[in-house]
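# An overview of the molecular structure
Read off the chains here:
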Amino acid sequence: TYRIPLLSLGWTAAAAFLIAIVRHEHLRLLRLEHESDQRLYEQLLARLDRKWSEIPEQPALQPILDLPYADDLDIAGSASLLSLLSLTRTYAGRQTLQQWIAVPSDWKVVRTRQQAVRALVPLRELRLKIIRTIRATSVNANRRYGLPGWAESPNWLPSHAFARTLSYIGPLSVLVSGCGLGIGYLQQNPTLVNSSAICLGIGFLVNILVTVFWGSWIHDIFQRVTGEHRAVYQFASVFRCLGDLPTDNLVKQGDDEDIQNEQSETPDLLASIKYRATESSACATTGFAKLMNIVRLANFQRDPILYILYLILQLVLLWDFRILRLLESWKQEFGGEVGGWFEALGQCEALISSATLADEYPEWCFPVQLQDSEKHMLAVQLGHPLLSDKDRVVNDFQISRSQPLVLVTGSNMAGKSTFLRSVGLNVLISRTGSPVCARRFELLSFELATSIRIRDSLSDGVSFFMAELKRLKEVVDLAESYRSQRESD
């Protein structure tokens, strides 16, 4: 009497449970996205007020770690240049921005970056869209996305010939013996049925053993390609967003003739990024579109609804090996381009960081190349960029060829070190294409050396006095080598 109502209720409950799982996953991802957005906006507001405790520290990578003056000028750590300037989230973005900060560039390169930054400044919504999408690629910002490294690595299947051979023998045995079993039943042939059943069991056993011994390796590859928090889908969205980038030449519509003259001599950096992302024959959007189709098949194992289907496919066809073959075919087609895709993404993140700073501080100026041969640097109302507007004291400053040495004196706590850091930090900021904390800033391309924050070392047996002498010697040696190089050139 109650069979049909109970069965209907049971199947309805099962369907509702599956729908709840899918809905829960959708809401979970949406919540993570909203939390990421909230952290981003809180960080942007904290930067304006210099609330350093509320700004996450940017990890210093090798370009910054190798700088002897990184500690002197507060480049990394809390209340640092990276905390103020960097909105980068990917490893490529952090590597690019820190490389720009650490390595002196000639003025042609700097003008190229400035041109791209100027084009991005008015596009606040697009910048926020790109930043938000990038931040959604991973819950853990310190984890690197594995696709670029995997794309440069050797293929797994050719180096595991035995597993590859078994991956064909097992499924072939299952399929052939399954056909034989069906034919044997139809023809009522006990011999064929028995032999086919034995072969079918052997095929299943081979597939199970292959899964046990090599399945975890393949799943690790899938994890690297897919990334955390469905990163592959998010990166596909990121590169689609890069298709909305303008060309740098849009800035030429302005009335500033000096800017127009500079831009006519510099390449279009945003156009290059856009070309790699969406316009070339092997662009990122094309590559990720094909990759996502393969990833969807690979993710059967993660999908609660399709997991039973995955088990059947794995038991019969060794599904993981079939998907890995597709991934390695994709790598043959696009693997050589992946590094360029993420290099372009890193450049875009660095430019967006600089453009956001320019948007927040329209009164700051873009540095220009010094044309006066009698001067080395000219700054008007130069200030410390890490101080808030109400705490900042600005100064005019210049270094000329006839007076290349400047003596800064004053009582304790008068701001001598702050002034020196103001000069060094603004020189570093100028390399990235960002505006600097000054009303006017003209300079040449500088190599920096400092001796400000000296520490003794008990473990190395170095006193404070000796540590300071060693640092000063490094400064002198750098100046001597720089002068020798210029004389030889």
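First, a word on scope: everything that follows refers to the structure included in this document. (Residues numbered from 1 in each chain as written. Predicted model: local features only at pLDDT ≥ 70, side-chain atom pairs only at ≥ 80, totals over all residues. Heavy atoms only, no water.)

Regarding its fold elements, the protein chain presents 17 helices and 4 strands. Here the protein chain has a C-alpha radius of gyration of 30 Å; the compact-globule value for 489 residues is 23 Å, and the former is much larger. The dimensions of the protein chain, computed from C-alpha atoms along their principal axes, are 105 × 50 × 50 Å. For the protein chain, buried positions account for 45% of its 489 residues. Within the protein chain, counting contacts between residues at least 6 apart in sequence, those at least 24 apart form 78% of the total. Per element, the accessible surface of the protein chain, about 25900 Å² overall, is 57% carbon and sulfur. Distance from the positive charge centre (50 side chains) to the negative charge centre (52 side chains) of the protein chain: 6 Å. (Helix = DSSP H or I, 4+ residues; strand = E, 2+ residues; numbered from the N terminus. Rg over C-alpha atoms; globule rule 2.2 N^0.38 Å. Buried < 20%, exposed > 50% of the residue type's maximum accessible area, 1.4 Å probe, protein only. Contact = heavy atoms within 4.5 Å. Areas by Shrake-Rupley, 256 points an atom, 1.4 Å probe, with all protein chains shown as cover. Lys, Arg positive; Asp, Glu negative; His and termini not counted. Charge placed at Lys NZ, Arg CZ, Asp CG, Glu CD.)

With that settled, consider the packing of aromatic side chains. Aromatic ring pairs: the centre-centre distance and the angle between the two ring planes describe each pair. Under the counting rule described, the total for this entry stands at 18 aromatic pairs. For the pair Phe 288 and Trp 341, a centre-to-centre distance of 5.8 Å together with 40° between the ring planes defines the contact as tilted. Residue Phe 288 is located in helix H13 (residues 284–298), and its partner Trp 341 is located in helix H15 (residues 319–360); the two are separated by 53 residues in the primary sequence. Using a relative accessible area of 1% as the deciding quantity, one classes Phe 288 as buried. Residues Phe 334 and Trp 341 carry aromatic rings whose centres are separated by 6.0 Å and whose planes lie at 50° to one another, so their mutual orientation is tilted. (Phe/Tyr/Trp six-rings, centres within 6.5 Å; stacked < 30°, edge-to-face > 60°.)

In space, the 4 strands of this open sheet follow the order S1-S4-S2-S3, with mixed pairing throughout. Each end of this open sheet is capped by a strand with a single partner; those strands are strand S1 (368–369) and strand S3 (395–400). Looking at chain direction, S1 and strand S4 (residues 440–443) are connected through 2 bridges and run parallel. In the strand pairing of S4, Val 368 is matched with Glu 442. Relative to the sheet, helix H16 (residues 416–431) contacts strand S2 (375–382), S3 and S4, its axis offset from that of S2 by approximately 110°. (Pairing = 2+ DSSP bridges. Axes fitted to C-alpha atoms, helices over the stretch in contact; angles between N-to-C directions.)

What follows covers the environment of Leu 200. By secondary structure assignment, the location of Leu 200 is in helix H9 (residues 190–226). Along the backbone, Leu 200 and Val 316 are 116 residues apart, and their C-alpha atoms lie at a distance of 9.8 Å. With residues near it in sequence (within four places) discarded, Leu 200 still touches Val 174, Ser 177, Gly 178 and Leu 181.

The next point concerns the pattern of salt bridges. Across all of its chains, the model carries 20 salt bridges by this definition. With its nearest N and O atoms 2.9 Å apart, the salt bridge here joins Asp 74 to Arg 453. Placement of the pair is Asp 74 in the loop between helix H2 (62–65) and helix H3 (81–85) and Arg 453 in the loop between S4 and helix H17 (464–488), with a sequence separation of 379 residues. Residue class for Arg 453 comes out partly exposed when judged on its relative accessible area of 25%. A single network of salt bridges, built from pairs that share partners, joins Asp 71, Asp 74, Arg 421 and Arg 453. (Salt bridge = Lys/Arg side-chain N within 4 Å of Asp/Glu carboxyl O.)

With 12 residues, helix H10 (residues 231–242) extends 16 Å from end C-alpha to end C-alpha; this agrees with the ideal 16 Å at 1.5 Å per step. Most of H10 is tucked away: 9 of the 12 residues are buried. Where H10 is buried, its residues contact helix H6 (124–135), H9, helix H12 (269–279), H13 and H15. (Expected span 1.5 Å × (residues − 1).)

Next up on the list: the state of the cysteines. Under the counting rule described, the total for this entry stands at 0 disulfides. Cysteine Cys 199 shares no disulfide, and the gap to the nearest cysteine sulfur, in Cys 179, comes to 12 Å. No disulfide involves Cys 437; its nearest neighbouring cysteine sulfur is the one of Cys 365, lying 9.0 Å away. Under the relative-accessibility criterion, Cys 437 is labelled buried at 4%. (Disulfide = S-S within 2.5 Å.)

Below, the discussion takes up a nonpolar patch on the surface. Nonpolar side chains collect at one region of the surface, where Leu 205, Ile 208, Leu 209, Val 212, Phe 213 and Leu 315 lie side by side and expose about 560 Å² of accessible area between them. With 5 residues, H9 is the largest single contributor of residues to the nonpolar patch. Structurally, the position occupied by Val 212 is in helix H9. (Patch = residues over 30% accessible without salt bridge, like charges linked within 9 Å, V, L, I, M, F, W, Y side chains within 5 Å.)

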